[in-house]
There are 2 protein chains.
Amino acid sequence: MSELLQPLEPLIQALRRLPGVGVKTAQRMAFHMLQRDQEGARQLARALVTAVDSVRHCEKCNTFTHETVCSICRDEGRDAARLCVVETPADLAAMERTGAYRGYYFVLMGRLSPMDGVGPKDIGLPELLVRTQEPALQEVILATSFTAEGEATAHAITELLQGRSIEVTRLARGVPVGSELEYVDLGTIAHALVDRR
Amino acid sequence: MSELLQPLEPLIQALRRLPGVGVKTAQRMAFHMLQRDQEGARQLARALVTAVDSVRHCEKCNTFTHETVCSICRDEGRDAARLCVVETPADLAAMERTGAYRGYYFVLMGRLSPMDGVGPKDIGLPELLVRTQEPALQEVILATSFTAEGEATAHAITELLQGRSIEVTRLARGVPVGSELEYVDLGTIAHALVDRR
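Residues numbered from 1 in each chain as written. Chains lettered and ligands numbered in written order. Predicted model: local features only at pLDDT ≥ 70, side-chain atom pairs only at ≥ 80, totals over all residues. Heavy atoms only, no water.

- In the nomenclature of an unreviewed UniProt entry, chain A is known as Recombination protein RecR of Comamonas terrigena.
- Chain A has a UniProt comment under Sequence similarities (unreviewed entry) that states "Belongs to the RecR family."
- In its Function (unreviewed entry) section, the UniProt record describing chain A reads: "May play a role in DNA repair. It seems to be involved in an RecBC-independent recombinational process of DNA repair. It may act with RecF and RecO." (UniProt positions renumbered as here; feature names shortened; annotations may be inferred.)

Here is the structure:
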């Protein structure tokens, strides 16, 4: 990094912590925000602090929410016999948009990835174990990604729930192998939901 | 945007003001910063505010600096007869790295782009006119990009300085047409500097 860009250096370094942003992209972002959109820069700073300070995890399903318990978990009209385990809030949103599911959710906020140091506790498996002790629950539907890590996560949860009187199912393989749920078309997700095994 | 992602919505919208960031990328960034790097989020927020509040423009060359006048403009060992006009601080840094130039700079912080509402005042042409009135100045070297907009900017500056006793030169066309200076290899830039016409 040239000393000539030194006044922007702290901002460039901070921008590089965003996923997928390298040094050239960070330089361009820093330049753009300072030169063309200072109000946008302030807005982003406020949004970051507000989000970190005010967004919390739902006590029941672990998704992001401003409340203690999120709106889906508060909805008593849902099917309490089913719990769908997804990796991210975006995956949850994709499931909801299919309109094919009326049960509750548990959001792992990630997937097992020993290489990146993401273990069972990091994806809330102890909390999931507690959640699955609710008497009404009959079925846990594993809707983690059909990637190696997603499959390993599904496998770990299956083992975790073994010996309990709960049916553990997996989305059918209608979902293309190697893809992430968030990016799959809704029809495919709906089909995979019906075919769960 | 799903209401399920609503707690992240202000952050996602703010991230979309970064250049080249669409809604999916913004979602992934927001999710990553909240879930995996809250300290990074706070650091980015601080860096944005600090940059907007403390980075200013050099009174002589218009580049970003923390001082009134930047380190290059304060360097009295440079060739006061030459002024190199570049579009961005990154372009200035590329020129410096060639080691082939020892004069001063003027940084436009953009280029003429009527379609985007960027006119002569937005790229500091009035300030450039003032800067070129210094008695020692003999030559203005136009090092704007060899794109349509960069060429139009060079043309506009040439017209602006017409009738003055200043030689106006342009980097030689050794720089590949259609590319931006920042990304050109240093040898090519050095060659184009020697061949200026």
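1. Comments concerning the interface of chain B and chain A
Step number 1: Taken together, the contacts link 56 residues of chain B with 56 residues of chain A.
Step number 2: Taken together, the links from chain B to chain A amount to four salt bridges.
Step number 3: In this structure, D53(A) engages R42(B) in a salt bridge whose closest nitrogen and oxygen atoms are separated by 2.9 Å.
Step number 4: Where chain B meets chain A, there are 12 residue pairs in polar contact (both at pLDDT 80 or more). (Contact = heavy atoms within 4.5 Å. Salt bridge = Lys/Arg side-chain N within 4 Å of Asp/Glu carboxyl O. Polar contact = N/O pair within 3.5 Å; in protein donor to acceptor, adjacent residues only side chain to side chain.)

2. Things to note about the sheet that holds strand β4 (residues 103-107) of chain A
All names here are of chain A.
Step number 1: One open sheet holds the four strands; their spatial order is β4-β3-β5-β6, and the pairing between them is parallel. The open sheet terminates on both sides in strands that have one partner only, identified here as β4 and β6 (167-170). Mean inter-strand twist for the sheet, computed between neighbouring axes without regard to direction, equals 25 degrees.
Step number 2: When strand β5 (residues 139-142) meets β6, the two strands line up parallel, connected through four bridges. Pairing of I141 across the sheet is with T169, part of β6.
Step number 3: Contacts between helix α7 (residues 148-160) and the sheet are confined to β3 (79-86), β5 and β6, with β6 contributing the most and set at about 170 degrees to the helix. (Pairing = 2+ DSSP bridges. Helix = DSSP H or I, 4+ residues; strand = E, 2+ residues; numbered from the N terminus. Axes fitted to C-alpha atoms, helices over the stretch in contact; angles between N-to-C directions.)

3. As for the relation of the copies chain B and chain A
Step number 1: Take chain B, turn it by 180 degrees, move it 0.0 Å along the axis, and it overlays chain A with an RMSD of 0.1 Å. Here the transformation between the copies is reduced to the relation of a two-fold axis. Every residue of chain B has its C-alpha some distance from the rotation axis, and the shortest such distance is that of A45(B), at 2.0 Å.
Step number 2: A high fraction, 100%, of the interface residues of chain B reappear at the interface in chain A, so the copies pair face to face through one surface. (Least-squares fit on C-alpha atoms with pLDDT ≥ 70 in both.)

4. Some points on the side chain of R111(B)
Residue and element names in this part refer to chain B.
Step number 1: Relative to the helices and strands, R111 resides in the loop between β4 (103-107) and α6 (125-131).
Step number 2: Side-chain polar atoms of R111 contact the side chain of T147, separated by 3.0 Å.
Step number 3: In contact with R111, not counting residues within four places along its chain, are E87, V118, I123, S145, T147, E149, G150, T153 and E180.

5. Re the domain arrangement of chain A
Step number 1: Partitioning chain A into structural domains gives domain 1 (4-54) and domain 2 (57-170).
Step number 2: Once you take the C-alpha centre of each, domain 1 of chain A and domain 2 of chain A turn out to be 34 Å apart. (Domains from an automatic or database assignment.)

6. What about the pairing of strand β5 (residues 139-142) of chain B?
Residue and element names in this part refer to chain B.
Step number 1: Judged by which residues are buried, β5 turns out to be covered on both faces: E139 and I141 on one side and V140 and L142 on the other are all buried.
Step number 2: Of the pairings in the sheet, the one linking strand β3 (residues 79-86) to β5 comprises four bridges and is parallel in character. Each bridged residue has a counterpart across the sheet, and for C84 the counterpart in β5 is I141.
Step number 3: Considered for its hand, the β-α-β crossover made up of β5, helix α7 (residues 148-160) and strand β6 (residues 167-170) is right-handed. (Buried < 20%, exposed > 50% of the residue type's maximum accessible area, 1.4 Å probe, protein only. Right-handed = clockwise from strand over helix to strand, strands pointing away.)

7. Considering the UniProt feature "zinc finger region: C4-type" (unreviewed entry) in chain A
Step number 1: The residues that UniProt annotates with the feature "zinc finger region: C4-type" (unreviewed entry) are residues 58-73 of chain A.
Step number 2: Span residues 58-73 of chain A is 19% helix and 12% strand, its end C-alpha atoms 8 Å apart.

8. A few points about the sheet that holds β5(B)
All names here are of chain B.
Step number 1: Spatial ordering of the open sheet is given by β4-β3-β5-β6, a layout of four strands whose pairing is parallel. Here the strands that pair on one side only, and so sit at the sheet edges, are β4 and β6. On average, adjacent strands in this sheet sit at an angle of 25 degrees to one another, irrespective of strand direction.
Step number 2: Packed on one face of the sheet, α7 meets β3, β5 and β6 and runs near 170 degrees to β6.

9. Description of the environment of F64(A)
Step number 1: Here F64(A) is to be found in strand β2 (residues 64-65).
Step number 2: Exposure remark for F64(A): the relative accessible area of 5% places this residue in the buried category.
Step number 3: Distance from F64(A) to C84(A), taken between C-alpha atoms, is 16 Å for residues 20 residues apart in sequence.
Step number 4: Residues in contact with F64(A), not counting those within four places in the same chain, are V55(A), R56(A), H57(A), P89(A), M109(A), P7(B), L8(B), F31(B), L34(B) and Q35(B).

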